[in-house]
Amino acid sequence: MNSVFVFKVALKHQKRIWRKIAIRGDQTLATLHNAIFVAFDRDDHHLYSFYFSSRPTSTSRNRLAGALRYGCPYSETDDRADITRVDSLPLNLKGRFEYLFDYGDEWWHEITLEEIHPPQKDVKYPLVIASGGDSPAQYPDAEDF
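Every chain is numbered independently, its residues counted from 1 as its sequence is written. Per-residue local features of the predicted model are confined to residues with pLDDT of at least 70, and side-chain atom pairs are confined, for both listing and counting, to 80 or more; whole-chain, interface and lining totals are unaffected and use all residues. Side-chain metrics rest on all non-hydrogen atoms present in the structure, leaving aside hydrogens and water.

Novice: Give a detailed account of the sheet that holds strand β1 (residues 4-11), specifying residues and quantitative values.
Specialist: To summarise the sheet geometry, strands pair through backbone hydrogen bonds and adopt either a parallel or an antiparallel arrangement. Read across the sheet, 8 strands follow the order β5-β4-β3-β6-β7-β1-β2-β8 without closing on themselves; strand pairing throughout is mixed. Edge positions in the sheet fall to β5 (79-80) and β8 (127-132), since each of these pairs with one other strand and no more. Criterion used throughout: strands pair if DSSP finds at least two bridges between them. The helix count covers DSSP runs of H or I at least four residues long, the strand count covers runs of E at least two residues long, and both are numbered beginning at the N terminus. Relative to β8, strand β2 (residues 14-24) runs antiparallel, the two sharing 5 bridges. In the strand pairing of β8, Ile 21 is matched with Val 128.

Novice: So, the packing of aromatic side chains: which residues are in play, and what are the values?
Specialist: Any aromatic ring pair is given by two values, namely how distant the centres are and how the planes are angled relative to each other. Pairing of aromatic rings covers Phe, Tyr and Trp, the last counted by its six-membered ring, and requires centre-to-centre distances within 6.5 Å; plane angles under 30 degrees mean stacked, over 60 mean edge-to-face, and any other angle means tilted. Taken as a whole and assessed by the stated rule, the structure comprises 10 aromatic pairs. The interplanar angle of 40 degrees and the centroid separation of 5.5 Å between the aromatic rings of Tyr 51 and Trp 108 together place this pair among those described as tilted. In this pair, Tyr 51 sits in strand β3 (residues 48-52) while Trp 108 sits in strand β7 (residues 107-117), placing the two residues 57 residues apart along the sequence. Across the pair, Trp 108 and Tyr 51 agree in class, each one buried. Relative accessibility thresholds used throughout: buried, under 20% of the residue-type maximum; exposed, over 50%; partly exposed, between the two (1.4 Å probe, protein chains only).

So this is what it looks like as structure tokens:
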């Protein structure tokens, strides 16, 4: 039977803004990206990457040296998020990894695996199951024009 992974996805520098997303293990990182995109009320698509590092809570850029990296199908430097299943990743309960949306504006997120459990019958995954804080505008400076 397939497992459901529950992730808490928080903006890295505004951790009071977060979403909990439940996703099946047989779904891909690209599916998780799309769930995050919707959960944070984004409306303009950009490149993205997931980083699995031994130092995900550090603020140093060096934390990403040697990290496993998965991204968009058209990324030239990442493994492909659209074929990488969640249940194939090096995940541990309470373990963390990072997600970067929009390489220009750099929306960094810290993702924590909070639970693994069996799927509920008749529930369509991925699913946002809890949230905290209002989503910031994708382009905060756009309102100044």
